[in-house]
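What the coordinates show
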Amino acid sequence: VLENARLWAEPGRALVAEAGSIVARVDLRKGDALYLNDGSYGNLFDATHSNWPYPVKLLRDGASSELAPFRFFGPTCDSIDAAAGTFALPADIREGDLIEIGQLGAYGATMATRFNGFGDTVTIQSKDAPWPSMFVEAAETPAEPKVVQLAGRKRKPRRPR
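Residues numbered from 1 in each chain as written. Predicted model: local features only at pLDDT ≥ 70, side-chain atom pairs only at ≥ 80, totals over all residues. Heavy atoms only, no water.

**A short note on the side chain of Arg60**
Heads up, the rule is: Each helix corresponds to a stretch of at least 4 residues labelled H or I by DSSP, and each strand to a stretch of at least 2 residues labelled E; elements are numbered beginning at the N terminus. Relative accessibility thresholds used throughout: buried, under 20% of the residue-type maximum; exposed, over 50%; partly exposed, between the two (1.4 Å probe, protein chains only). Contacts described as polar in this section are N or O atom pairs within 3.5 Å, which, within protein, must combine one atom able to donate a hydrogen with one able to accept it, while residues neighboring in sequence count only if both atoms come from side chains. By definition, residues are in contact when any of their heavy atoms lie within 4.5 Å.
Along the chain, Arg60 falls in the loop between strand 3 (56-58) and strand 4 (67-73). On the basis of relative accessible area, Arg60 is assigned to the buried category, the value being 16%. At 2.8 Å, the side chain of Arg60 forms a polar contact with the side chain of Asp97. Setting aside chain neighbours within four positions, we find Arg60 in contact with Asp92, Ile93, Arg94 and Asp97.

**Description of a nonpolar patch on the surface**
Worth spelling out the cut-off: To count toward a patch, a residue needs a relative accessible area over 30% and no salt bridge; like charges are then connected within 9 Å, while nonpolar side chains (Val, Leu, Ile, Met, Phe, Trp, Tyr) are connected within 5 Å. Per-residue and other accessible areas were derived by the Shrake-Rupley procedure at a 1.4 Å probe size, with only the shown protein chains allowed to occlude residues. Salt bridges are defined as contacts in which a side-chain nitrogen from Lys or Arg sits within 4 Å of a carboxyl oxygen from Asp or Glu.
Together, Val23, Leu59 and Leu98 give the surface a local cluster of nonpolar side chains, amounting to about 230 Å² of exposed area. Following the sequence through the fold, Leu98 ends up in strand 6 (residues 98-101).

**Some remarks on the environment of Trp52**
Inspection of the secondary structure assignment puts Trp52 in the loop between helix 2 (45-49) and strand 3. Distance in space between the C-alpha atoms of Trp52 and Gly85 is 7.9 Å, their sequence separation being 33 residues.

**Some words on the packing of aromatic side chains**
Formally: To pair, rings of Phe, Tyr and Trp, with the six-membered ring standing in for Trp, must have centres within 6.5 Å; the planes then decide the type, stacked if under 30 degrees apart, edge-to-face if over 60, and tilted in the middle.
Tallying each qualifying case throughout the model produces 2 aromatic pairs. When the centroid spacing of 5.1 Å and the interplanar angle of 20° are considered together, the rings of Tyr35 and Phe73 count as stacked. Taken together, the positions of Tyr35 in strand 2 (residues 33-36) and Phe73 in strand 4 put the pair 38 residues apart, joining distant regions of the chain. On the basis of an interplanar angle of 0° and a centroid distance of 4.1 Å, the ring pair of Phe72 and Phe87 is categorised as stacked. Remark: Phe87 occurs in strand 5 (residues 82-90) and Phe72 occurs in strand 4; sequence separation between them is 15 residues. We classify Phe87 as buried; its relative accessible area is 5%.

Function cannot be inferred from these measures alone, as they are strictly geometric.
Following this line, the structure appears as structure tokens:
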């Protein structure tokens, strides 16, 4: 455990990163390129401009378990409407499939525009399990929280009652 590490974070993003996902539809597949109905002018601004490795999953039963790297492109045909990284998804992904892109936090929907008539968003609340936390090690359980240091003070986590 590093105790001398410094944390640089945009506070709003750090607080709500895990709070939101979007679901995008695959409109076209060309090799490893997936053309989505959402992109840099929509809910994927950070995914295309910040190049963060957002978690993704295919929302289709019976998909291949073999994963392959894919690139995302938005619907505008604009040169900046593309995500630079690769995203691991089932190799048999096809047009019409839905992809959940997780941990977009507050910025996914708030930075969306209606550029070139794109950008209709439907907001829903889901009761499924959240994405695994990026702030908790896999071996930990919710009953074993870490001690968190904020502003130079150590705070002990509350015990569940």
